[in-house]
Amino acid sequence: MILAAGKENIVRAAQMIVAGELVGFPTETVYGLGANALSASAADKIFAAKMRPADNPLIVHIADLEQLDGLVTSVNTLEKRLMAAFWPGPLSLVFPASEAVPEIVRAGLPTVAVRMPAHPVALALIRESRLPIAAPSANISGRPSATRAQDVMTDFYTTVELVLDGGVCDFGLESTVIKVEENLIRILRPGAISMEMLAGFAPVLVESFNPDEKPLSPGMKYRHYNPEARVILVEADSAAEVASRLQTINLDTEAAYFGLAVMRPPLSFKKIKLLGGSDWLHDYAQLLYSFFRDCDASGIKDIVIHQVPQSGLGYAIADRVIKAADVYLRREEGGK
Ligand code: TXA
Ligand code: MG
């Protein structure tokens, strides 16, 4: 059941967390599927419900720095500065884990990822339950993350009893995951806390996505965040260029388009989300996953999206759309 995230329902959700049950809840990034992070059996329910591979560790959510002490064995100066700058917020840090963190939460690693979310409902739920809450994104593994309470219910209506409704998530993209190594910041997953923002603190290393490993067909191992529909990602600088690149594709007659209004190719679409204005990159991130989900709900077979400029938030978006893409129509070698 989906309940408005008022005080009474947060108390009820906290009681379920304490009892070892799963609760869907909003964060500023995406909805989380939460459980008591200190209980192996509660965490086990997350893996079962999500059908998540056991080798993929969970992020533990906290509401104050005291909770961190119980979860990790050491915190260095750089990590402290990053937490002071970006917490609460969409940054997860990987620390050496204390023995209190069950092995299943860490997926057997000696480390644990921790984040303090910047969402009043998430923080209230953690405080009310007096427990750190392990929460992956609230989607069946491989599917787009949930950015609305209803999306959580769509994926988990048989396995999750309660979802707290906090409206649409602000960022719509999962947090940046980093690991501090000596005096370096290694980005394990790009997010809204961009490498440009992190570079003010220390040198940043990022695993750049290899163009030759970009997914060109379904079922490739890098495919994530994917709707049922075929996602066609187009690299282009104009609507005309998008249209010409699409000529190589046998596009379904009832396709969908998501992206900038000025990049929309002159074709008829059954479903359209047009973006524009100075904050369009934020909107692209915020609305992408829900657009994917809405397309699936209306039986759309093909979704056309355009690639974004790969700096700042754009880098994180590019990471996700490349992984979601079934077909990636790139610029010709040497061409623009
Ligand atoms: O924004 C978010 O991070 C959302 C909300 C709910 O907080 N959560 C989320 O969790 O996206 P999940 O489980 O979908 O993604 C967690 C990511 C995975 O890429 C996982 O491999 C990585 O964090 N991760 C977790 N623990 C790690 C560790 N100890 N070492 C390296 N990577 C870790
Ligand atoms: Mg996820």
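Residues numbered from 1 in each chain as written. Chains lettered and ligands numbered in written order. Predicted model: local features only at pLDDT ≥ 70, side-chain atom pairs only at ≥ 80, totals over all residues. Heavy atoms only, no water.

(A) Quick look at the packing of aromatic side chains. As enumerated under the stated definition, the model contains six aromatic pairs in all. With a centroid separation of 5.0 Å and an interplanar angle of 85 degrees, the aromatic rings of Phe 258 and Tyr 284 are classed as edge-to-face. Linking Phe 258 in strand S13 (residues 256-260) with Tyr 284 in helix H10 (residues 280-297), this pair joins segments that are 26 residues apart in sequence. Residue Tyr 284 is classed as buried on the basis of its relative accessible area, which comes to 0%. Aromatic ring contacts, followed pair by pair, group Phe 258, Trp 280, Tyr 284 and Phe 291 into a single cluster. (Phe/Tyr/Trp six-rings, centres within 6.5 Å; stacked < 30°, edge-to-face > 60°. Helix = DSSP H or I, 4+ residues; strand = E, 2+ residues; numbered from the N terminus. Buried < 20%, exposed > 50% of the residue type's maximum accessible area, 1.4 Å probe, protein only.)

(B) Region of interest: the sheet that holds strand S14 (residues 271-275). Spatially, the five strands line up as an open sheet ordered S14-S13-S15-S12-S16, and their pairing is parallel. The open sheet has two edge strands with one neighbour each: S14 and strand S16 (327-329). Recorded for the sheet is a direction-independent mean angle of 15 degrees between the axes of neighbouring strands. Sheet topology note: the strand S12 (residues 230-234)/S16 ladder contains three bridges and is parallel. Residue pairing across strands places Leu 233 opposite Tyr 328, the latter belonging to S16. (Pairing = 2+ DSSP bridges. Axes fitted to C-alpha atoms, helices over the stretch in contact; angles between N-to-C directions.)

(C) Local environment of the site of ligand 1. Around ligand 1 sit 24 residues, and of these Thr 29, Arg 52, Asn 56, His 61 and Ser 175 come closest. In isolation ligand 1 has 680 Å² of accessible area, and contact with the protein removes 87% of it. Those elements that provide at least two residues to the shell around ligand 1 are strand S4 (59-61), strand S6 (111-115) and strand S10 (184-189). The dominant element in the shell around ligand 1, judged by the number of residues it contributes, is S6, at four residues. For the shell around ligand 1, the residue count by class is 13 nonpolar, seven polar and four charged. (Near = heavy atom within 4 Å. Areas by Shrake-Rupley, 256 points an atom, 1.4 Å probe, with all protein chains shown as cover. Nonpolar A, V, L, I, M, F, W, Y, C, P; charged D, E, K, R; others polar.)

(D) Structural context of helix H1 (residues 7-18). Between its first and last C-alpha atoms H1 spans 17 Å; for twelve residues at 1.5 Å apiece the expected length is 16 Å, and the two agree. Here H1 has its buried residues at Asn 9, Ile 10, Ala 13, Ala 14, Met 16 and Ile 17. When H1 is viewed along its axis, its buried side chains cluster within an angular range of 155 degrees and face the same direction. Away from its buried face, by an angle of more than 90 degrees, H1 presents the exposed residues Lys 7, Glu 8 and Gln 15. Next to the buried residues of H1 lie strand S1 (2-4), strand S2 (23-25), strand S3 (32-36), helix H6 (120-129), strand S7 (133-134) and strand S8 (162-165). Trailing H1 by a residue or two, Gly 20 shows a phi angle of about 85 degrees, which is positive. (Expected span 1.5 Å × (residues − 1). Arc of directions from axis to C-beta. Contact = heavy atoms within 4.5 Å.)

(E) View of the confidence of the model for the protein chain. Mean pLDDT over the protein chain stands at 94; residues scoring 70 or higher make up 94%. In the model, residues 214-222 has pLDDT below 50 throughout and makes 19 contacts with residues more than four positions away in sequence or in other chains. (pLDDT = per-residue confidence, 0-100.)

(F) Representation of the sheet that holds S7 in the model. Strands sit in the order S1-S8-S2-S3-S7-S4-S6-S5-S9-S10-S11 across an open sheet of eleven strands; the sheet is mixed. The open sheet terminates on both sides in strands that have one partner only, identified here as S1 and strand S11 (204-206). In terms of strand pairing, S4 meets S7 through two bridges, oriented antiparallel. Its bridge partner being in S7, His 61 is matched across the sheet by Ile 133.

(G) Region of interest: the nonpolar core. Residues Leu 82, Trp 87, Leu 91, Val 114, Leu 125 and Leu 198 are the most contacted members of the largest nonpolar core, which totals 67 residues. Each residue touching Trp 87, except ones within four places of it in the same chain, is listed here: Ile 62, Leu 65, Leu 68, Leu 82, Leu 93, Phe 95, Val 114, Arg 115 and Met 116. (Core = buried A, V, L, I, M, F, W, Y, C linked by side-chain atoms within 4.5 Å.)

(H) Structural detail: empty space enclosed by the protein. Inspection of the entire model under this criterion finds one cavity of 30 Å³ or more. Taken as a whole, the largest cavity holds about 50 Å³ of empty space. Lining the largest cavity, in full, are Thr 176, Ile 187, Pro 190, Gly 191, Ile 193, Ser 194, Met 195, Gly 312, Tyr 315 and Ala 316. Counted by class, the lining of the largest cavity contains six nonpolar, four polar and no charged residues. (1 Å grid on protein atoms, 1.4 Å probe; cavity = no way out; pocket = protein on both sides within 12 Å on 5 of 7 lines; lining within 4 Å. Points joined across faces, edges and corners; volume = space filled by probe spheres on them.)

(I) Just the state of the cysteines, in detail. In the structure shown here, the tally under the stated rule is zero disulfides. Counting only cysteine sulfurs, Cys 295 is the nearest neighbor of Cys 169, a cysteine outside any disulfide, at a range of 19 Å. (Disulfide = S-S within 2.5 Å.)

(J) The side chain of Gln 67, seen in detail. Mapped onto the elements, Gln 67 comes out in helix H3 (residues 65-69). Gln 67 gets classed as buried once you look at its relative accessible area, which sits at 16%. Engagement of the side chain of Gln 67 in a polar contact is seen with the backbone nitrogen of Ala 63, the distance being 2.7 Å. In this view, Gln 67 contacts Ile 62, Ile 126, Arg 130, Leu 131 and Pro 132; residues no more than four positions away in its chain are not counted. (Polar contact = N/O pair within 3.5 Å; in protein donor to acceptor, adjacent residues only side chain to side chain.)

(K) Main features of unusual backbone geometry. Omega for the peptide link from Trp 87 to Pro 88 comes to -10 degrees, which places this bond in the cis form. Position of Pro 88 among the secondary structure elements: in the loop between helix H4 (77-86) and strand S5 (91-96). Phi angles above zero are rare outside glycine, and Met 51 is one such case at about 55 degrees. Within the secondary structure, Met 51 is located in the loop between helix H2 (40-50) and S4. One non-glycine residue, Arg 130, lies in the positive phi region at around 55 degrees. Relative to the assigned elements, Arg 130 resides in the loop between H6 and S7. Look at Arg 130 and you get exposed, because its relative accessible area is 72%.

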